[in-house]
Amino acid sequence: MQILVLNCGGSSMKYQLLAMPAERVVAKGSIDRLFSPRAEISHQAAGREAARQPLPGATFADGIRWLVTALREEGIIAGVTDIDAIAHKLAHGGEKFQQPVLIDDEVLATITSLSSLAPVHLPPAVAGIRMCQELLPGVPQYAVFETNFHRNVPPYAYIYGLPYEWYEQYGIRKYGFHGTSHRYVAETAAGILGRELRELKLISCHLGSGTSVAAIKYGRSVDISSGLTPQSGTIMSTRPGDFDPWVFPLIMELTGMTAAAVNEVMVKKGGLLGISGLSGDMRDLEAAARAGHQRAQLAIDVFCYQVKKYIGAFAAAMNGLDVLIFTGGIGERSPAIRAGICRDFDFLGIELDEGKNEHRPRPDILSRKNAPVTILAIDTNEELMVARQVAELVGKPCTVL
């Protein structure tokens, strides 16, 4: 079967058309810097050269439309019957969705109702689902939620210090995100080390435009940096991460801004962009810091420090650490960020080999020889993990709610 996986993130869209169960990539690509004049698509069909094309101002819907047209023009698909399923990686499933589901009108309405929990991610994902209904009518669509992997986090780790009725009535609690990425790299790490996942204590750092750190003990997520929404946890590209909640009413009082206006600023103008005043893209910040831009360097320092604090806290929560994983666009590609996070962590057994860190070997073990904690940089493959889960569902009864 051929499964088209769509992964709409905060500022990018990745996709893969996979032949399952062989896990053969038929086509893959991504659109980077969406909603900006610098938006660009990178596309590669199996057996062909990768190609890049500017797509200024592209939205998620524009990207999906471009992709379906490209697949047809390249002869990869002749019509809708050549795709057996479309799988969407969605940020938030709330408490209603504990596993992947087949999307019908009721499910789509419920996903739409959860948009306030992931305002950066769910609305474009819903738009993507509707675009696929228009362009590929009749092809079954499935939703795989980032929150699913964290469903085993214990209550003492997900309950907030708020009236318990808010949890009972409105589902106000920590959920956690990037579950497909954390699951994929954890399983991959165990394979690289030739160990059983159920024997390992791992911390997975998904560092990108969106960032989260996960504590994975014996194959299960036991804590996660992000919370009710993807806005919390560590500082991110344009999102603030954790901060005193009293900032919110204070800013409203001081500025006269509405709650919606403050929310808009925090989500789109906070984070690395807010501190640096320059960019929310770590590539831009690293270049600026090298040129002496002090606020760019401050943003980088804040980012590394916050990730480091979560690593220390989660090692304590698991009573030890065997493996530290870096993944996501920043975690995979930035030696300087990995070094900044690992600096002065010797007491915990985190000892980074500078040479390996600068020039990633294969397999991607970056720790010093015989170091107590194995450090890995692993290229995540959320699309493959999503396809694996959907392939298991195709032909089986699906739980809707």
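Structure: see above.
The paragraphs below set out a description of the structure included in this document. This structure is a prediction, so every number in the text was calculated from the model and none was measured. (Residues numbered from 1 in each chain as written. Predicted model: local features only at pLDDT ≥ 70, side-chain atom pairs only at ≥ 80, totals over all residues. Heavy atoms only, no water.)

Looking now at helix α8 (residues 259-269). Here α8 has its buried residues at Val-262, Met-266 and Val-267. Projected down its long axis, α8 carries its buried residues within an arc of 125°, all on one side. For α8, exposure combined with an orientation more than 90 degrees from the buried face picks out Ala-260, Lys-268 and Lys-269. Along its buried surface, α8 packs onto α7 (247-255). The first or second residue beyond α8 is Gly-271, which carries a positive phi of 60°. (Buried < 20%, exposed > 50% of the residue type's maximum accessible area, 1.4 Å probe, protein only. Helix = DSSP H or I, 4+ residues; strand = E, 2+ residues; numbered from the N terminus. Arc of directions from axis to C-beta. Contact = heavy atoms within 4.5 Å.)

Take helix α15 (residues 382-393) next. At 3.6 residues per turn, the α-helix brings residues three or four places apart onto the same side. Its 12 residues give α15 an end-to-end C-alpha distance of 17 Å, which sits within 8% of 16 Å, the value for a rise of 1.5 Å per residue. Most of α15 is tucked away: 9 of the 12 residues are buried. Residues of α15 that are buried: Glu-382, Glu-383, Leu-384, Met-385, Val-386, Ala-387, Gln-389, Val-390 and Leu-393. (Expected span 1.5 Å × (residues − 1).)

The next point concerns the sheet that holds strand β9 (residues 201-206). Strand order in the open sheet formed by 5 strands is β11-β10-β9-β12-β13, and the pairing between neighbours is mixed. One side of each edge strand has no neighbouring strand; the edge strands of this open sheet are β11 (220-224) and β13 (374-377). Sheet twist, expressed as the average angle between the axes of neighbouring strands with direction ignored, equals 20°. Alignment of strand β12 (residues 323-327) against β13, held across 4 bridges, turns out to be parallel. Counted as the bridge partner of Ile-325 is Leu-376 from β13. (Pairing = 2+ DSSP bridges. Axes fitted to C-alpha atoms, helices over the stretch in contact; angles between N-to-C directions.)

Moving on to a nonpolar patch on the surface. A contiguous nonpolar patch, built from Leu-162, Trp-166 and Tyr-170 and spanning about 350 Å² of accessible area, is present on the exposed surface. Among the secondary structure elements, Leu-162 is positioned in the loop between α4 (155-158) and α5 (164-170). (Patch = residues over 30% accessible without salt bridge, like charges linked within 9 Å, V, L, I, M, F, W, Y side chains within 5 Å. Areas by Shrake-Rupley, 256 points an atom, 1.4 Å probe, with all protein chains shown as cover. Salt bridge = Lys/Arg side-chain N within 4 Å of Asp/Glu carboxyl O.)

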